[in-house]
Amino acid sequence: MTHRAKKRFGQNFLKDSNILKKIVQAANIKQKNVVEIGPGKGALTAFLAEEALTVIAYEIDTSLKRHLDPLQEEHPNLNIVYQDFMKADLTSIKPDSHIVANVPYYITTPIIFKFLETDTLQSATMMIQKEVQERLNAVPNTKAYNHLTVTISYLTEIKKVMDVKRHLFTPRPNVDSAVVQLIKKETRELAPDQEARFFELVRAAFKQKRKTLINNWHEAFQIDKETLKAYLLSYHLSEHVRAEQLPLEKYIELTKGWVYGL
Ligand code: SAM
């Protein structure tokens, strides 16, 4: 059965069964409920269905049905849903589910946000483009460090599992890949109203990278610069500090002390 890969759906199929097995092993899903995004021709799905308690796999491309139907027949714990994952209602899936997927790269960030916003999903082990993995694992004072790094590391523990070179996919994509695992933190440091403030402060801080933190916050919240300067000084931070210099813990502290009406 030949299938012409569709670029618009980010179809790059992974063939290397050693890598597929390593992904399943890292995901730690024995007897757990799994959500797969984009089963494709079912290469990863087959391993998942053998290991997990249940697998629900969302595939947008119905022309892959002929590859996936036999797999569905073989595995009674596998349910393939032909739907855009971004439109799927996940409120009724099992309350302790885990994403394992080789995701379509054109929607990597929306998928990560859907995972973060969906309470039924506890972890995500995903093949993503290397550039996004580098962002997630970035440390302060590097080019890759941005508001996504800070926001996602506040909400999850981020682990890099492995690098995967582009030549292992068919068709070969233009970028290298990496597998990462995000596990939602059981307890978070900020109360819900403080969290809303934290997300706003972080987003605004990184709005224009070449500007100082004071200038970005001044523009976002119309707070005068002298007030912001005094606030930063009270945390032993210079008025010239930039967003990418501050670690997550500093943003948490700055959120807790914020009294400027956000
Ligand atoms: N899992 C397979 C593998 O490892 O070889 C295929 C991975 S391929 C990178 C991405 C898959 O996601 C394709 O099968 C594609 O059709 C599917 N896909 C793309 N956009 C989707 C969406 N919005 N919702 C669900 N599946 C999608």
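Position numbers for residues count from 1 along each chain, tracking the sequence in the order it is written. Totals for whole chains, interfaces and linings use all residues, but because this is a predicted model, local features are given only for residues with pLDDT of at least 70 and pairs of side-chain atoms are given and counted only at 80 or more. Side-chain figures throughout are based on the complete set of non-hydrogen atoms in the structure, without hydrogens or water.

**A closer look at unusual backbone geometry**
Residues Thr 170 and Pro 171 are joined by a peptide bond in cis, for which omega reads -15°. By definition, any uninterrupted DSSP run of H or I lasting at least four residues is a helix, any uninterrupted run of E lasting at least two residues is a strand, and each is numbered from the N terminus. Here Pro 171 shows up in the loop between β8 (169-170) and β9 (177-184). Unlike most non-glycine residues, Gln 31 shows phi in positive territory, near 60°. Structurally, Gln 31 is set in the loop between α1 (17-27) and β2 (33-37). The phi torsion at Asn 141 lies on the positive side, around 65°, for a residue other than glycine. Residue position: Asn 141 is located in the loop between α5 (130-136) and α6 (147-155).

**Description of the pairing of β9**
In regular strands, side chains alternate between the two faces of the sheet. In this scheme, a residue with accessible area under 20% of its type's maximum is buried, one over 50% is exposed, and one in between is partly exposed, where area comes from a 1.4 Å probe on protein chains only. Counting buried positions along β9 gives six out of eight residues, so the element sits mostly inside the fold. Pairing between strands is defined by DSSP: at least two bridges between them are needed. Pairing of strand β6 (residues 121-129) with β9 involves seven bridges; the strand directions are antiparallel. Pairing of Met 126 across the sheet is with Val 180, part of β9. Bridge analysis of strand β7 (residues 156-164) against β9 gives eight bridges, and the strand direction is antiparallel. Opposite Ile 158, over in β9, you have Leu 182 as the bridge partner.

**Brief notes about the pattern of salt bridges**
One speaks of a salt bridge when a side-chain nitrogen belonging to Lys or Arg is within 4 Å of a carboxyl oxygen belonging to Asp or Glu. Summed over the entire model, instances satisfying the criterion amount to 13 salt bridges. Taking the shortest distance from any N to any O, the salt bridge between Asp 163 and Lys 130 comes out at 3.0 Å. Linking Asp 163 in strand β7 with Lys 130 in helix α5, this pair joins segments that are 33 residues apart in sequence. Taking the relative accessible area as the measure of exposure, Asp 163 reaches 41% and is therefore partly exposed. Salt-bridge contacts for Lys 160 lead to Asp 163; the nearest nitrogen and oxygen are separated by 3.0 Å. By relative accessible area, which is 37% here, Lys 160 ends up partly exposed. Linked through salt bridges whose partners overlap, the residues forming this network are Lys 130, Glu 134, Lys 160 and Asp 163.

**Considerations on the layout of surface pockets**
For the largest pocket, the calculated volume is near 460 Å³. Within this scheme a cavity is a closed region of a 1 Å grid, computed over the protein atoms alone, that accommodates a 1.4 Å probe without allowing it to escape, whereas a pocket is open but has protein on both sides within 12 Å along at least five of seven lines; lining residues each have an atom within 4 Å of a point. Residue lining of the largest pocket: 30 residues in total, with Phe 13, Gly 38, Pro 39, Gly 40 and Asn 102 positioned closest to the centre. Elements that contribute at least two residues to the lining of the largest pocket include exactly β1 (13-14), β2 and α2 (43-51). Each residue gets one of three labels, nonpolar for Ala, Val, Leu, Ile, Met, Phe, Trp, Tyr, Cys and Pro, charged for Asp, Glu, Lys and Arg, and polar for the others, Gly among them. When grouped by side-chain class, the residues that make up the lining of the largest pocket number 17 nonpolar, eight polar and five charged. Grid points are joined across faces, edges and corners, and a volume is the space filled by probe spheres set on the points. The calculated volume of the second largest pocket comes to roughly 260 Å³. Taken together, Ala 5, Lys 6, Lys 7, Gly 10, Gln 11, Asn 12, Tyr 105, Pro 171, Arg 172, Pro 173, Asn 174 and Val 175 form the lining of the second largest pocket. Classifying every residue of the lining of the second largest pocket by side-chain character gives five nonpolar, four polar and three charged.

**Here we look at the packing of α6 against helix α10 (residues 248-256)**
What counts as an axis is a line fitted to C-alpha atoms, over the stretch in contact for a helix, and the angles between N-to-C directions run from 0 to 180 degrees. Packing of α6 against α10 leaves a shortest axis separation of 10 Å and a crossing angle of 80°. Considering their axes alone, α6 and α10 lie roughly perpendicular with respect to each other. Judged by residue contacts, Val 150, Ser 153 and Tyr 154 of α6 engage Leu 248, Tyr 251 and Ile 252 from α10. Partitioning the contact of α6 with α10 into residue classes produces five nonpolar, one polar and no charged. We call two directions roughly parallel when the angle between them is under 35 degrees, roughly antiparallel when it is over 145, roughly perpendicular when it lies between 65 and 115, and oblique otherwise. Any two residues whose heavy atoms approach within 4.5 Å at even a single point are treated as in contact.

**What about the sheet that holds strand β3 (residues 54-58)?**
The strand order across the open sheet built from seven strands is β4-β3-β2-β5-β6-β9-β7, with neighbouring strands paired in mixed fashion. Two strands lie at the open edges of the sheet, namely β4 (78-81) and β7, each paired on one side alone. The mean inter-strand angle of the sheet, taken between neighbouring strand axes irrespective of direction, is 15°. Examined bridge by bridge, β2 and strand β5 (residues 97-102) share three bridges and lie parallel to one another. The partner of Val 34 across the bridge, within β5, is His 98.

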